[in-house]
Amino acid sequence: MLKKGIITVLIAVILCVSMTFQCFAALYELKITLDDEEDGASLREVLDLLDVFEFNPVTPTSDATVESDGDNKYIKTAGYLDITSWDYIDVPYTFSVDYRIVSENENVGFFVRGVYPSSFSKVNPQNQGVDQQFGYFEWDWYKENGGQDGVSGIGGSGIVVTPKKTELLIRLKNWKPDGLNISSERVSIPLPEDVDNNAFNTISFKDDGEKKVEIFFNDILMATVEFSEPGVYEEDEEDDNEYFKNAVVKDAEGNELLSLDNARINAEGSQVAIGV
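Reading the values: the criteria
Residues numbered from 1 in each chain as written. Predicted model: local features only at pLDDT ≥ 70, side-chain atom pairs only at ≥ 80, totals over all residues. Heavy atoms only, no water. Core = buried A, V, L, I, M, F, W, Y, C linked by side-chain atoms within 4.5 Å. Buried < 20%, exposed > 50% of the residue type's maximum accessible area, 1.4 Å probe, protein only. Helix = DSSP H or I, 4+ residues; strand = E, 2+ residues; numbered from the N terminus. Contact = heavy atoms within 4.5 Å. Pairing = 2+ DSSP bridges. Axes fitted to C-alpha atoms, helices over the stretch in contact; angles between N-to-C directions. Polar contact = N/O pair within 3.5 Å; in protein donor to acceptor, adjacent residues only side chain to side chain. Phe/Tyr/Trp six-rings, centres within 6.5 Å; stacked < 30°, edge-to-face > 60°. Salt bridge = Lys/Arg side-chain N within 4 Å of Asp/Glu carboxyl O.

(A) How the structure looks around the nonpolar core. Membership of the largest hydrophobic core comes to 53 residues, with the highest contact counts inside it found for I159, F205 and I215. For this core, the element with the most residues is strand β7 (residues 93-101), which contributes five residues. Contacts of I159, omitting those with residues within four sequence positions, involve F110, F111, V112, R171, L172, V213, I215, V225, F227 and I265. Grouped together as the second largest cluster of nonpolar side chains are ten residues, F120, F134, W175 and Y243 included.

(B) Examining the sheet that holds strand β11 (residues 159-163) more closely. The strand order across the open sheet built from seven strands is β3-β6-β20-β8-β11-β12-β13, with neighbouring strands paired in antiparallel fashion. The open sheet terminates on both sides in strands that have one partner only, identified here as β3 (53-57) and β13 (182-190). Within this sheet the neighbouring strands show an average axis-to-axis angle of 20 degrees, counted without direction. Strand direction decides the pairing type here: β3 and strand β6 (residues 81-85), joined by five bridges, are antiparallel. The residue bridging F53 from the neighbouring strand is S85, located in β6.

(C) Layout of the pairing of strand β12 (residues 167-175). For β12, a buried count of eight out of nine residues is recorded, marking the element as mostly surrounded by other parts of the structure. Two successive antiparallel strands, β11 and β12, enclose a turn made up of three residues. Here β12 hands over to β13 after six residues, with G179 in that stretch at a positive phi of 60 degrees.

(D) Representation of the side chain of D98 in the model. Mapping D98 onto the fold places it in strand β7. Residue classification places D98 among the buried positions, given a relative accessible area of 1%. Polar contacts involving the side chain of D98 include one to the side chain of T202, which spans 2.6 Å.

(E) Seen up close, the packing of aromatic side chains. Under the criterion given, the structure shown has eight aromatic pairs. Here Y88 and Y116 contribute two aromatic rings whose centre-to-centre distance is 4.1 Å and whose plane-to-plane angle is 15 degrees, an arrangement assigned as stacked. On the criterion of sequence distance, the pair formed by Y88 in the loop between β6 and β7 and Y116 in the loop between β8 (109-114) and β9 (121-124) is long-range, its members being 28 residues apart. With centroids separated by 4.9 Å and ring planes inclined at 35 degrees, the aromatic side chains of F227 and F244 adopt a geometry described as tilted. In this pair, F227 is assigned in strand β16 (residues 220-231) and F244 in strand β17 (residues 243-251), connecting sequence segments 17 residues apart. According to the relative accessible area criterion, F227 is buried, its value standing at 5%. An aromatic cluster is present here, built from W175, Y233 and Y243 joined pairwise through their rings.

(F) Representation of the pattern of salt bridges within the structure. Counted according to the given criterion, the structure contains 13 salt bridges. The closest approach of N and O atoms between D140 and K173, which form a salt bridge, is 2.6 Å. Separated by 33 residues along the polypeptide, D140 in the loop between β10 (130-133) and β11 and K173 in strand β12 bring together distant segments of the chain. We classify D140 as buried; its relative accessible area is 0%. Look at K173 and you get buried, because its relative accessible area is 0%. In this structure, the salt-bridge partner of D239 is R264, at a minimum N-O distance of 3.1 Å. Of this pair, D239 sits in the loop between β16 and β17 while R264 sits in the loop between β18 (256-260) and β19 (265-266), and the two are 25 residues apart along the sequence. Take D239: its relative accessible area is 3%, and that puts it in the buried class.

(G) Local environment of the side chain of N174. On the secondary structure map, N174 appears in strand β12. Look at N174 and you get buried, because its relative accessible area is 0%. One polar contact links the side chain of N174 to the main-chain carbonyl oxygen of L172, over a distance of 3.2 Å.

(H) Fine view of unusual backbone geometry. Even without glycine at this site, N181 takes up a positive phi of about 75 degrees. One non-glycine residue, D219, lies in the positive phi region at around 70 degrees.

(I) Quick look at the environment of D194. Tracing the backbone shows D194 in the loop between β13 and β14 (201-207). For the pair D194 and A263, spaced 69 residues apart in the sequence, the C-alpha separation amounts to 33 Å.

Given below as structure tokens:
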């Protein structure tokens, strides 16, 4: 687990990212350090990062820049943006994010099992009628477009974790027949009482590549998401992605917290991302 000097991001949080992959009985760890980057450098200039991740600033004033805190390098973000893996991961992997809370905000999310945002779009009457793609930074506009059975949130697909001071908010993106067909169901997992929100803490996703994702906080198992029944939503003409539709969230003791039959969890692999 990497505590400093890898990749970070800040808006309501400061972050640090690493990934480990297991393939053909071998273990590979991807580390992209910022040690040689100058303070103030844009993420657009971190070429090693861009070999693996796409950096998507949405507006001319959106950016992520390298900053220093003692000997720790991190990324400070401004505006709407996401950072996404170029490719789907189709082998077992662990995706870890080191973060420090600055202020609580549900508009920051760490994603796994998402689909490419460019793979579908929908006309959004409540956003000037644009043909809306759903980047990981983007609001899903569910309730704003009349959705009655769910909540709005960022992202269009996947499993989303937002850290808060006393809890982890875990959201599963799902398909609904109203709104723009994208909504969220969520559960809250209490954090340990002795959590230090002034320090960096770590959220990790351990994906077995087939049927479950385990979610850890500082190496403590917090929840497991199990998924099955891959298929497309035939009633959705704009989206032909294959999703795991059945999903069950369990706590560390195995108690069921949430069960869905309309989940939007990528069945072809996993795009990992940070959405702000």
